[in-house]
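This is what each chain is made of:
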There are 2 protein chains.
Amino acid sequence: MVDAIHFPDVELYRGWGAPMRTESTLRGLELTQGAIPEGLEGALYKVGADRQYPSGRLDDIFIDGEGMIHMFRFKNGQVDYLSRWVHTKRYQLQQQARRALFGRYRNRYTNDPSVAGVHMGTGNTTAMFHAGRLYALKEDDLPHEMDCDTLATIGRSDLGGQVRAETFTAHPKVDPVTNELLAFAYQAKGDASRDIVYYLFDKDGKMREEVWFQMPYAACVHDFAITDEWIVFPFFPLITDLDVLKTGGPYYQWHPDQQVHVALVPRRGGSAKDIRWFKGPSASAGHMMNAFREGTKVHLDVCYYEGNCFPFFPTPQGVVTEAVPPLLKRLTFDLAGNSDGFEKRQLLDIPCEMPRTDDRYQGRPYRHGYVIAGRAPDGSSGTGHVDHVTGKFEMYRPGPGDSVQEGQFVPRSPDAPEGDGWLLVPVCRVHEMRTDLVILDAQNVAAGPVATLKLPVRVRATFHGSWVSEHALRTGQYEATATLGA
Amino acid sequence: MVDAIHFPDVELYRGWGAPMRTESTLRGLELTQGAIPEGLEGALYKVGADRQYPSGRLDDIFIDGEGMIHMFRFKNGQVDYLSRWVHTKRYQLQQQARRALFGRYRNRYTNDPSVAGVHMGTGNTTAMFHAGRLYALKEDDLPHEMDCDTLATIGRSDLGGQVRAETFTAHPKVDPVTNELLAFAYQAKGDASRDIVYYLFDKDGKMREEVWFQMPYAACVHDFAITDEWIVFPFFPLITDLDVLKTGGPYYQWHPDQQVHVALVPRRGGSAKDIRWFKGPSASAGHMMNAFREGTKVHLDVCYYEGNCFPFFPTPQGVVTEAVPPLLKRLTFDLAGNSDGFEKRQLLDIPCEMPRTDDRYQGRPYRHGYVIAGRAPDGSSGTGHVDHVTGKFEMYRPGPGDSVQEGQFVPRSPDAPEGDGWLLVPVCRVHEMRTDLVILDAQNVAAGPVATLKLPVRVRATFHGSWVSEHALRTGQYEATATLGA
């Protein structure tokens, strides 16, 4: 006899957050409004966290839990929906035991003795497609390769023996213009290690750059940003302390006394000695919208917290810091200047998170950004579009109480001008406990959906994801564009 | 490009009836209340109708639509849930075409020309387990064999070449005491044929009885009943007219001018000439609770409609008859008497449907019956227990607005007294658009669930089903009981 499955009555698992835990297959979503744009063919892969079994802990956090990968497959005018657990070793062992065997977020000292030495990775953060292969990613683990059609887990991957780090970011950048993959691994030699490594892979998946260096502290490096010449790594003082882990403590601690450090690493041909370092007052961030170079200056647009972005990680003294709003700011690093400081300018006057762009413009001067914004006390939110040229900000808000998950831009065609295309947005119909996938005109989000696809099930969480065009699914490569070259 | 999927805005597809269309896999349901009784091990298989694609018709009826088979697998103190489409040829062809190819309920003259000659069977009515094999059944088609563990469709089956009829009932009786299968096929030589055949298969699945005879008209014979010596076949005047089908009309027409006919066929060793016939005024019924013999009398307990049980089937003149309530009545046929009439006695003063019993007592004198009752204008309903000895009727009603699907009795042990065990009842949490599986004490349903298992998804429809004990899953045979012999 195994234990019955009870989830604790905590905020995390109430309402929309109720564990979903279901692998779903639905061929042909109902179209309840509008029309699916012609030519919109390919797959939207998204990944989020769910809970396979209750951990028995009251300190579970929303970024933890087993990965569930979701596919919205657009083909011939219909859309199929699939969701599958990422069948990590962790998932498999828990499935066999029929209970949770892994404990507190990324703290292996809280795991069941029976799984000593087994990785805690969940594959719960995003989906990456590169060189014909699909992966589910969690930043503390190597990628898990997934079958593009069935979402079956193929297995943990070191990308053909090329990745020597123990980890791999969940915010890689696949450049749909050059088909390069830019990525990194932090705490790359294990928990609390200060090692970080920058990687560039060519369109066929062959590693072309590997730059190892040291972080100022064992930071949380959830995301990074790219430009044509420089790769931007911000280090925020959410710091891992191995001694704290050994006593069952939180994976990160917030250090308001420590500075932000930013490393600019050459995109090509550099090594640790070529890195340019900058510093600023304590702050934090999870997600970058974009970066680009303007002469000798590098601009980083980031949803910036002037404080701790993760209040559930307290200070070493156990102080739980107050929540601060994420504000879209442009940090500017002057490579020709004689200062190791940087300038900050706020780009938008309302809080926003989960920033995305037309990914063809990642690392390039750009105009259009997309965010989740307008979060209200009832949990509702909307999809915002910021135009950096006009300064205009527009929003799509679904029904009362509804919220949105991160949107995904899809260009109308490989050659379409920047921002000319659609945003695919999972909408949480909170009162109905089910999801709609809406398709917005990325140039006119305020007009509301051009199409609404109804799911009879709830897509509990999708943190991040990728669009893979039909061409890329078929050939492994995104289409060449005329307007942008490598 | 294929057509977008739009369901019409008709009552059938509103609210709880919204198409679900999802194959779900959920390992380990949450237990939100109570405890799963020890020793409750095996599988509850249930089958219902969903809609793969909109038919484009406004006259869809709830008993139509592709079959979805559901499994609640009780093992070692946890319960897994699986749902899978029954992958009939019809399902497969529609999946390839990505649209409905089959038209009005059982009317092949309304099908797309591309599927001429392909059977319309949906496998949408019940799950049968016999001699180690699981089947999904629809009464106008042969059984579809399903994998007991994965619910994958193995294929259409004539039970090893034994079934020569074109159809097979969706209300077979598998006797868990003798492990015999009693079954029949009506309109057994094709649509509107008056042929019917009674079958008895032994515990290994070998056909031992096959009695062909003629119905008084091409009736709807949704269910039948068994006793130790006689098999009871009631014929109600819902009649199929091939000429009507050819013009695209309804599969059945209601004939209030025609009588009910009842055939009593010897359980063993009989032939058409041994059949005893009885007659009564026009009426109808879908479901039998039980039958049993008392000397020279045979009693049939049935949810009886003094009129048309399916108002969506009009008269030949096109008159849509008023709905009449199903009332549990005992029809008594006196084999020693000199009348071809029968007596009728009402057993319960409130309407009820979907009658079930402790299946070990099918065909035997019995005490306990279970029904869906108390249907209110808001659609809510409850699970009733009728005690034929005390006349007492008790009910379990879930929350306001909630409704129940057919319950399944499971004995506490193979030797437990009649009615000593549990009722497994899917509860429609209508306001939450999801399902709970509740476990009731079959002797005290009014006390409410002894355990509640939460599903985050909606089990749209399960018409009927079967419990297969762990022993039967393992050996193909239900456990022998000491209290009841063959």
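Conventions we followed
- Residues numbered from 1 in each chain as written.
- Chains lettered and ligands numbered in written order.
- Predicted model: local features only at pLDDT ≥ 70, side-chain atom pairs only at ≥ 80, totals over all residues.
- Heavy atoms only, no water.
- Helix = DSSP H or I, 4+ residues; strand = E, 2+ residues; numbered from the N terminus.
- Rg over C-alpha atoms; globule rule 2.2 N^0.38 Å.
- Buried < 20%, exposed > 50% of the residue type's maximum accessible area, 1.4 Å probe, protein only.
- Areas by Shrake-Rupley, 256 points an atom, 1.4 Å probe, with all protein chains shown as cover.
- Lys, Arg positive; Asp, Glu negative; His and termini not counted.
- Charge placed at Lys NZ, Arg CZ, Asp CG, Glu CD.
- Pairing = 2+ DSSP bridges.
- Axes fitted to C-alpha atoms, helices over the stretch in contact; angles between N-to-C directions.
- Contact = heavy atoms within 4.5 Å.
- Buried area = accessible area lost by both parts, 1.4 Å probe.
- Salt bridge = Lys/Arg side-chain N within 4 Å of Asp/Glu carboxyl O.
- Polar contact = N/O pair within 3.5 Å; in protein donor to acceptor, adjacent residues only side chain to side chain.
- Nonpolar A, V, L, I, M, F, W, Y, C, P; charged D, E, K, R; others polar.
- Least-squares fit on C-alpha atoms with pLDDT ≥ 70 in both.
- Core = buried A, V, L, I, M, F, W, Y, C linked by side-chain atoms within 4.5 Å.
- Phe/Tyr/Trp six-rings, centres within 6.5 Å; stacked < 30°, edge-to-face > 60°.
- Lys NZ or Arg CZ within 6 Å of the ring centre and 35° of its normal.
- pLDDT = per-residue confidence, 0-100.

All right, on to the overall build of chain A then. Broken down by element type, chain A carries three helices and 33 strands. The C-alpha radius of gyration computed for chain A amounts to 21 Å, which stays within 12% of the reference 23 Å derived for 486 residues, consistent with globular compactness. When each of the 486 residues of chain A is scored for burial, the buried share is 66%. Surface accessibility of chain A: about 17000 Å² in total, with carbon and sulfur atoms responsible for 49%. Taking the average place of the 52 positive charges on the side chains of chain A and the average place of its 61 negative ones, the gap between the two points comes to 2 Å.

Residues and elements named next belong to chain A. The four strands lie next to each other as β20-β21-β22-β23, forming an open sheet whose pairing is antiparallel. Each end of this open sheet is capped by a strand with a single partner; those strands are β20 (284-294) and β23 (343-346). Here the strands of the sheet are splayed against their neighbours by 25° on average, with no regard to which way each runs. Bridge count for strand β22 (residues 327-334) against β23 is four bridges, and the pairing is antiparallel. Note that in β23 the partner of K329 across the bridge is Q346.

The next thing to look at is the interface of chain A and chain B. With 36 residues of chain A in contact, the opposing surface of chain B contributes 36 residues. For the pair chain A and chain B, the summed buried area comes to about 3200 Å², and 47% of that belongs to carbon and sulfur atoms. Viewed at the interface, chain B and chain A are joined by four salt bridges. At the surface where chain A touches chain B, the tally comes to 22 residue pairs in polar contact (both at pLDDT 80 or more). Put simply, the parts of the chain that give the side of chain A that touches chain B at least two residues each are β1 (23-26), β2 (30-34), β5 (78-85) and α1 (89-97) of chain A. Top element by residues in the side of chain A that touches chain B is β1(A). It accounts for four residues. Among the residues making up the side of chain A that touches chain B, the classes are represented as 16 nonpolar, ten polar and ten charged. Two strands pair when backbone bridges link them, and β1(A) and strand β1 (residues 23-26) of chain B are joined in this way by three bridges, in the antiparallel orientation. Across the sheet, the residue bridging to A:T25 is B:E23, located in β1(B).

Here we come to the relation of the copies chain A and chain B. Least-squares fitting of chain A to chain B yields an RMSD of 0.0 Å, with the superposition described by an axial translation of 0.0 Å and a rotation of 180°. Expressed as a symmetry operation, the mapping of one chain copy onto the other fits a two-fold axis. Closest approach to the rotation axis among the C-alpha atoms of chain A is made by A:S24, whose C-alpha sits 2.3 Å away. Both copies present the same face, since 100% of the interface residues in chain A are matched by interface residues at the equivalent positions in chain B.

Grouped together as the largest cluster of nonpolar side chains are 44 residues, with contacts concentrated most on A:F72, A:F74, A:L453, B:F72, B:F74 and B:L453. For B:L453, the contacting residues outside a window of four places in its chain are B:L29, B:E30, B:L31, B:I36, B:F74, B:V79, B:T435, B:D436, B:L437 and B:I439. Membership of the second largest hydrophobic core comes to 35 residues, among which are A:Y45, A:L82, A:V197 and A:Y478.

On to the sheet that holds strand β26 (residues 382-387) of chain A. Residues and elements named next belong to chain A. Overall, antiparallel pairing links the four strands, which are arranged β24-β25-β26-β27 in an open sheet. On the outer flanks of this sheet lie β24 (352-357) and β27 (393-396), each paired with one strand and no other. For this sheet, the mean inter-axis angle between neighbouring strands, taken without regard to orientation, is 25°. Relative to strand β25 (residues 368-373), β24 runs antiparallel, the two sharing four bridges. Paired with C352 across the strands is A373, a residue of β25.

With that settled, consider the packing of aromatic side chains. Residues and elements named next belong to chain A. In total, this model carries 60 aromatic pairs over all chains according to the counting rule given. Aromatic pair Y199 and F201: ring centres 5.7 Å apart, planes at 50°, arrangement tilted. With respect to burial, Y199 and F201 carry one shared label: buried. Through pairs of rings, three or more aromatic residues link up here, namely F62, Y105, Y251, Y252, F310, F312, F313 and F463. The ring of W212 is capped by K189, whose NZ or CZ atom sits 5.1 Å from the centre of that ring. A cation over a ring is seen here: R458 above W16, with NZ or CZ 6.0 Å from the ring centre.

If a strand is regular, its side chains alternate between the two faces of the sheet. Residues and elements named next belong to chain A. With seven of seven residues buried, strand β18 (residues 260-266) lies mostly within the body of the structure. The alternating pattern of β18 places V260, V262, L264 and P266 and H261, A263 and V265 on opposite faces, both of which are buried. Alignment of β18 against strand β19 (residues 276-280), held across five bridges, turns out to be antiparallel. Following the sheet pairing, A263 is matched in β19 by W277.

Further remarks concern the side chain of B:E66. Residues and elements named next belong to chain B. Along the chain, E66 falls in the loop between β3 (42-49) and β4 (67-75). In this structure the side chain of E66 is engaged in a polar contact, spanning 2.9 Å, whose partner is the backbone nitrogen of Q52. Within the structure, E66 has its side chain in polar contact with the side chain of R90 (distance 3.0 Å). With near-sequence residues (within four places) excluded, E66 lies in contact with G48, A49, D50, R51, Q52, W85, R90, Q94, T122 and N124.

All names here are of chain A. Turning to α1, its buried residues number three or more, namely R90, Y91, L93, Q94 and Q95. Structurally, α1 contributes buried residues whose contacts are with β5. Two residues or fewer past α1, R98 is found with a positive phi of approximately 60°.

Of the residues in chain A, 99% reach a pLDDT of 70 or more, and the chain-wide mean stands at 97. The ipTM, which scores confidence in the relative placement of chains, is 0.96 for this predicted complex, and the corresponding pTM is 0.97.

Moving on to unusual backbone geometry. Phi at A:R98 is positive, roughly 60°, even though this residue is not glycine. Assignment of secondary structure puts A:R98 in the loop between α1 and β6 (126-130). The class for A:R98 is buried, based on a relative accessible area of 17%. Although it is not a glycine, B:L159 adopts a positive phi angle of roughly 55°. With respect to the secondary-structure elements, B:L159 resides in the loop between β9 (153-156) and β10 (173-174).

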